[in-house]
Amino acid sequence: MATYKELQDAVEKVLSNPAARSSLQFNSATRERVFEVYVFSLLIRAVKQAKGNVVIKGINSGDNPNPIVFRGSPGHMSSRSQDFAYAECSLNGKEFEIHLGVQYVGTSKALHEVDVSIFDHDRAEQIRAEGILPSTRNLRVAIECKFYDSNLGVTLGRTFVGLISDLGGLKIKSFTSNGRSAGLADYFSKSDRPNPFFALSPLRPAVADRFVHSIEQDLRKWCSVY
Amino acid sequence: MAENTQQALDELLNRLRRNNAQSVADEIARVVARGTTEEIEIKGAAKELSQRPLDPDEAFRVAVEMLVASIEPIVMKNHAMKVIEENMDTVTSIEWRQDFVEKSPIAPEGYEEISIPDSEGVEDLEKDLKKLVKLMGEA
């Protein structure tokens, strides 16, 4: 049983670290973007754990872009306005890409942003060459990333379920947050709904490992890894 | 936890305000002031939801949870950098930039770009945050 004094001392220690002081200055948009990149990195871990290959690419500079640039707001897969980065992956002969903040044309023709997505590599090459918008036909994975909110409401779940219903036949659909919500957990408990991952954070390695293993297993199944 | 949690909560908010983290302190104050809801049984009727204030222990727990959430992005970025670095030659930084279409009537200059400078002590901070999260689980 932790005592009040232990908790207060632990808080004090955290607040006295200069890195904590700089993090406290981030605005909500920055926190959301960082969480998305963290989830992106967990997908890379999942591909590597499945013995796949990963190369980080910049749309203009190619392999090993430096700095690594991600979209500050939803954008187009083919946009070359910045050297937007993505991860090119191969696993058991299947080639695919992990993207952040890309917009896809849904089956209803509406445009949807997917926080973290996996898309077929061949089709992505065509999309980039022709400068067109990707449809959901070759979209395999859609992951919603929601940064901690003291009031993570069921509405977020309904919105994501509505979104993925317009994204075609996804292999993986997950809702991730570093926060928790009993209401959302209930909402996602129905069998046909996306897998929820709450409290996803490097501060809770067991949760992060569970997420990576889950994605790894789904990727192994999709790519027929035996 | 002990009866001194009200004092700890006040000290935490003051400390955040002194550290120029006014917005985090204000958000904690807003959430705590909003209270919580709980089911109450009304005689002869079905259960209804009712609003009630948080007690000091609950309020302190909410405040610490929000504090951790506000600080952990720098640890998340550190972890992401490590994974990305394993797949590259060198990485100096991660940045977020705005997308735009060439020849737009409004040029992208001035659009917000996000970059997070490297901070010393992130590894220590991660250890301290993990300890805090563990203590919260035990409190």
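Everything that follows concerns the structure shown earlier in this document.
Residues numbered from 1 in each chain as written. Chains lettered and ligands numbered in written order. Predicted model: local features only at pLDDT ≥ 70, side-chain atom pairs only at ≥ 80, totals over all residues.

Another point: the overall build of chain A. The number of helices and strands found in chain A is seven helices and nine strands. A compact globule built from 226 residues should have a C-alpha radius of gyration of about 17 Å, and chain A, at 18 Å, falls within 12% of that. Viewed in the frame of its principal axes, chain A has a C-alpha envelope of about 60 × 40 × 35 Å. For chain A, buried positions account for 47% of its 226 residues. Partitioning the intrachain contacts of chain A with sequence separation of at least 6 by distance along the chain shows that 62% fall at a separation of at least 24. (Helix = DSSP H or I, 4+ residues; strand = E, 2+ residues; numbered from the N terminus. Rg over C-alpha atoms; globule rule 2.2 N^0.38 Å. Buried ≥ 20, exposed ≤ 12 C-beta atoms within 10 Å, placed from the backbone. Contact = placed C-beta atoms within 7 Å.)

This paragraph deals with helix α1 (residues 4-15) of chain A. Here α1(A) spans 16 Å end to end across twelve residues, near enough to the 16 Å set by a 1.5 Å rise per residue. Restricting attention to buried positions, one finds in α1(A) the residues L7(A), Q8(A), A10(A), V11(A) and V14(A). Buried residues of α1(A) fall within an arc of 160 degrees about the axis and therefore sit on the same side. If you follow the buried residues of α1(A), they end up packed against α2 (18-23) of chain A together with α1 (5-18), α3 (56-71) and α5 (122-138) of chain B. (Expected span 1.5 Å × (residues − 1). Arc of directions from axis to C-beta.)

Whenever strands of a sheet pair, they do so through backbone hydrogen bonds, lying parallel or antiparallel. Within the open sheet, the three strands sit side by side as β3(A)-β3(B)-β4(B). Their pairing is mixed. The two strands at the open ends of the sheet, each matched to only one other strand, are β3 (68-71) of chain A together with β4 (114-115) of chain B. Sheet topology note: the β3(A)/strand β3 (residues 94-97) of chain B ladder contains four bridges and is parallel. Among the inter-strand pairings, R71(A) is bridged to a residue of β3(B), identified as R97(B). (Pairing = 2+ DSSP bridges.)

Residues and elements named next belong to chain A. Residue N66 is joined to P67 through a cis peptide bond whose omega torsion reads 5 degrees. The residue P67 is located in the loop between β2 (62-63) and β3 in this model. One non-glycine residue, N64, lies in the positive phi region at around 55 degrees. When you line up the elements, N64 lands in the loop between β2 and β3. Owing to 16 C-beta atoms within 10 Å, N64 belongs among the partly exposed residues under this scheme.

This part takes up the packing of α1(A) against α5(B). Viewed as axis vectors pointing N to C, α1(A) and α5(B) meet at an angle of 155 degrees, and their least axial separation amounts to 9 Å. Classified by the angle their axes make, α1(A) and α5(B) are roughly antiparallel. Along this stretch, α1(A) crosses α5(B), giving a crossing that reads as left-handed. Where α1(A) abuts α5(B), its residues E6(A), L7(A), A10(A), V11(A), K13(A) and V14(A) lie against L125(B), D128(B), L129(B), K131(B), L132(B) and L135(B). Looking at the contact of α1(A) with α5(B) residue by residue, the classes come out as eight nonpolar, no polar and four charged. (Axes fitted to C-alpha atoms, helices over the stretch in contact; angles between N-to-C directions. Parallel < 35°, antiparallel > 145°, perpendicular 65-115°, else oblique. Left-handed = near helix turned anticlockwise from the far one by under 90°. Nonpolar A, V, L, I, M, F, W, Y, C, P; charged D, E, K, R; others polar.)

Residue and element names in this part refer to chain A. If you trace the eight strands from one edge of the open sheet to the other, you get β2-β1-β4-β5-β6-β7-β8-β9, paired in mixed fashion. Looking along the sheet, the strands with just one partner apiece sit at the ends: β2 and β9 (195-197). Taken strand by strand, helix α3 (residues 28-49) contacts β1 (53-58), β4 (85-91), β5 (94-105), β6 (111-120), β7 (139-146) and β8 (172-177), and its axis lies near 165 degrees from that of β5.

A few words now on the packing of helix α4 (residues 73-85) of chain B against α5(B). The angle between the axes and the distance between the axes are what describe a pair of packed helices. Residues and elements named next belong to chain B. The N-to-C vectors of α4 and α5 enclose an angle of 120 degrees; their axes lie 10 Å apart at closest approach. In terms of axis orientation, α4 runs oblique to α5. Note that α4 runs across α5; the crossing there is left-handed. In this structure, α4 contributes I74, V75 and N78 to the contact, and α5 contributes V122, L125, E126 and L129. Here the residues of the contact of α4 with α5 are counted per class, giving five nonpolar, one polar and one charged.

Looking now at the interface of chain B and chain A. On the chain A side, the residues contacting the 62 residues of chain B number 58 residues. Of all the elements in the fold, those that place two or more residues in the side of chain B that touches chain A are α1, α2 (22-34), α3, α4, β3 and α5 of chain B. For the side of chain B that touches chain A, the leading source of residues is α5(B), giving twelve residues. Among the residues making up the side of chain B that touches chain A, the classes are represented as 33 nonpolar, 13 polar and 16 charged.

With that settled, consider α1(B). Counted at 1.5 Å a residue, the expected span for α1(B) with its 14 residues is 20 Å, and the 20 Å between its end C-alpha atoms agrees. Listed in full, the buried residues belonging to α1(B) are T5(B), A8(B), L9(B), L12(B) and L16(B). The arc that holds the buried residues of α1(B), viewed along the axis, is 100 degrees, so those residues lie on one side. Exposed side chains of α1(B) directed beyond 90 degrees from the buried face belong to D10(B), N14(B) and R18(B). Summarising the contacts, the buried residues of α1(B) are in contact with α1 of chain A together with α2 and α3 of chain B.

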